[in-house]
Amino acid sequence: MKAVLVTAYGGPEHMVYTEVEKPEPGAGEVLIKVVATSVNFADIKSRYGKKGGKLPFIPGLDVAGVVERVGAGVERFQVGQRVIAFPGNGSYAEWVVADERLTFALPDSMDFRTAAACPIVSFTSYKLLADVARVEAGETVLIHAAAGGIGTTAIQLAKLLGAGKVIGTVGHESKRETALQAGADHVIVYEDSVFADQVHELTNGEGANVILDSIAGKVSEESMRCLAPYGRLVHFGNASGEVGTFQTVDLHASCRSVLGFSFGTTRSKRPELLGDTGERVLKFLADGSLQIKIGRTFPLAEAAQAHEWVESRKSTGKVLLEIGE
């Protein structure tokens, strides 16, 4: 089968579209004919060697496709069923194998493009807001990197889960409109101002009750300056490559929390926690209350160009790789 291999750590020039052996499903697994997959920032980090692992490898985290075969003991899925899944050994390929616990049936009304765009961003956003931050009705939610795939999805889900006000931050004025279109009440361009001060102005000095931070470093530190009493700062990424520092005095007296979340860790160590998430997210997607913005689509053979586009920081929404039905 055709797949994309990362043959050396570094730039997208080390991504090779080539022939590899087709996988076989084991017990409790399903073989999926891939229709489309998405490009996630974690794929780029993996390509640079920041996620560990052995070379060569197939990048990618999620797929939409059709079940072609089921392994021993699989009862939830049948051949021909339309699904999304989180395969264990990469998704930039014509076929993948996934644990049935990490495979989810698609509603009949959902097309494959939406399905391919949704898994990582919608599952991650829901877990961050509903289960980790435990957002409550009327609370103010601050979302960093608000124009990206997770950002635009989290804005919508925050509103669906009852948030009273959603504030986004973006790195450039050109991305403001994307976050606003997703439903943010206010968008701060952090290269133009100190976002913590802006958040205090927008909340009458109260600060944000929930902050979703995938950037780390100075952004995390500044976030503490605008985190309300009893607020929850959820750290789930390290896009800046920097390390943020917190002090214990920032937490106990104010009853604030700093929480960590990794979708990859949850997927590998506690996949059973994602069953309810899938049910909730797919319902929102099926009834149209949650919409995933798709920025650009590339054929699988042009995965390297797709990575270049995402790394340019010009992309908004999700970038897809199409394999075909």
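Being a predicted model, the structure only gives us computed values, none of them experimental.

### Overview of the packing of helix H3 (residues 119-132) against helix H4 (residues 149-160)
Item 1. Closest axis-to-axis distance for the H3/H4 pair is 9 Å, and the angle between their directions is 50 degrees. Overall, the two elements H3 and H4 adopt an arrangement that is oblique. Along this stretch, H3 crosses H4, giving a crossing that reads as right-handed. Every residue of H4 that contacts H3 at Val121, Ser122, Thr124, Ser125, Tyr126 and Leu129 is listed here: Gly149, Ile150, Thr153, Ala154, Leu157 and Ala158.
Item 2. For the contact of H3 with H4, a count of residues per class yields seven nonpolar, five polar and no charged.

### A look at the environment of Ser268
Item 1. Relative to the assigned elements, Ser268 resides in helix H8 (residues 263-269).
Item 2. The sequence separation of Ser268 and Gly88 amounts to 180 residues, and the corresponding C-alpha distance is 8.5 Å.
Item 3. Separated by 3.2 Å, the side chain of Ser268 and the backbone oxygen of Thr265 make a polar contact.

### Brief notes about the environment of Asn89
Item 1. Looking at the element boundaries, Asn89 is found in the loop between strand S5 (82-85) and strand S6 (95-99).
Item 2. We classify Asn89 as exposed; its relative accessible area is 68%.
Item 3. Residues Asn89 and Gly217 lie 128 residues apart in sequence; the distance between their C-alpha atoms is 30 Å.

Calculation rules
Residues numbered from 1 in each chain as written. Predicted model: local features only at pLDDT ≥ 70, side-chain atom pairs only at ≥ 80, totals over all residues. Heavy atoms only, no water. Axes fitted to C-alpha atoms, helices over the stretch in contact; angles between N-to-C directions. Helix = DSSP H or I, 4+ residues; strand = E, 2+ residues; numbered from the N terminus. Parallel < 35°, antiparallel > 145°, perpendicular 65-115°, else oblique. Left-handed = near helix turned anticlockwise from the far one by under 90°. Contact = heavy atoms within 4.5 Å. Nonpolar A, V, L, I, M, F, W, Y, C, P; charged D, E, K, R; others polar. Polar contact = N/O pair within 3.5 Å; in protein donor to acceptor, adjacent residues only side chain to side chain. Buried < 20%, exposed > 50% of the residue type's maximum accessible area, 1.4 Å probe, protein only.

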